Amino acid sequence: YRFGKIYIEEKASGLSIAQELKRLTNYNVLPLKPKSKDKIERVKACQPSLIVKRVILLQDDWNEMFLSECASFPYSVHDDLVDCLSYSVDEFLNKSGATIFR
């Protein structure tokens, strides 16, 4: 996949990972600052975009794992993919005002 930006949470190991990526590559590494909302509130906030199909899941070998994690949230051990989904919806749909034209 081609990408133009890499977002990394500004907490815990994310700080050192971001610094290392900036040092070793020419990737556009940007901070992702957790907001005042907790993880469950962030996921609830992205649900309207999912319901109206503003997010499309590309078919790939990771789909089953992703959907399983989403289905078991917030009771699963892992929630990093759900985190990525909620941050992505917020960053790329809510902030940018992007729309889908049919």
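Residues numbered from 1 in each chain as written. Predicted model: local features only at pLDDT ≥ 70, side-chain atom pairs only at ≥ 80, totals over all residues. Heavy atoms only, no water.

Draft legend 1. Quick peek at the nonpolar core. Of all hydrophobic cores here, the largest spans five residues; its members are C46, F66, L85, V89 and L93. No other element matches helix 4 (residues 80-94), which puts three residues into this core. (Core = buried A, V, L, I, M, F, W, Y, C linked by side-chain atoms within 4.5 Å. Buried < 20%, exposed > 50% of the residue type's maximum accessible area, 1.4 Å probe, protein only. Helix = DSSP H or I, 4+ residues; strand = E, 2+ residues; numbered from the N terminus.)

Draft legend 2. A look at the pairing of strand 2 (residues 29-32). In this sheet, strand 2 lies alongside strand 1 (residues 6-9) in parallel orientation, the contact comprising four bridges. Residue pairing for strand 2: I8 is matched across the bridge by P31. (Pairing = 2+ DSSP bridges.)

Draft legend 3. Just the side chain of D83, in detail. Following the sequence through the fold, D83 ends up in helix 4. Apart from the residues lying within four places of it in its own chain, the contact partners of D83 are E9, K39 and R42. (Contact = heavy atoms within 4.5 Å.)

Draft legend 4. Spotlight on unusual backbone geometry. Of note, the bond from F73 into P74 is cis; its omega dihedral lies within 30 degrees of zero at 5°. Among the secondary structure elements, P74 is positioned in the loop between helix 3 (63-72) and helix 4. The phi dihedral of A12 is positive, around 50°, even though this residue is not glycine. By secondary structure assignment, the location of A12 is in the loop between strand 1 and helix 1 (14-24). What makes A12 exposed here is its relative accessible area of 71%.

Draft legend 5. Structural context of the pattern of salt bridges. Throughout the structure, instances matching the rule amount to four salt bridges. K39 is paired through a salt bridge with D79; the nearest N and O atoms lie 3.2 Å apart. Residue K39 is found in helix 2 (residues 39-51), and its partner D79 is found in the loop between helix 3 and helix 4; the two are separated by 40 residues along the sequence. Looking at K39, the relative accessible area reads 25%, which means it is partly exposed. Overall, the relative accessible area of 22% leaves D79 in the partly exposed class. Here R42 and D83 are joined by a salt bridge, their closest N and O atoms 3.0 Å apart. (Salt bridge = Lys/Arg side-chain N within 4 Å of Asp/Glu carboxyl O.)

These results come straight from atomic positions and should not be treated as a statement about function.
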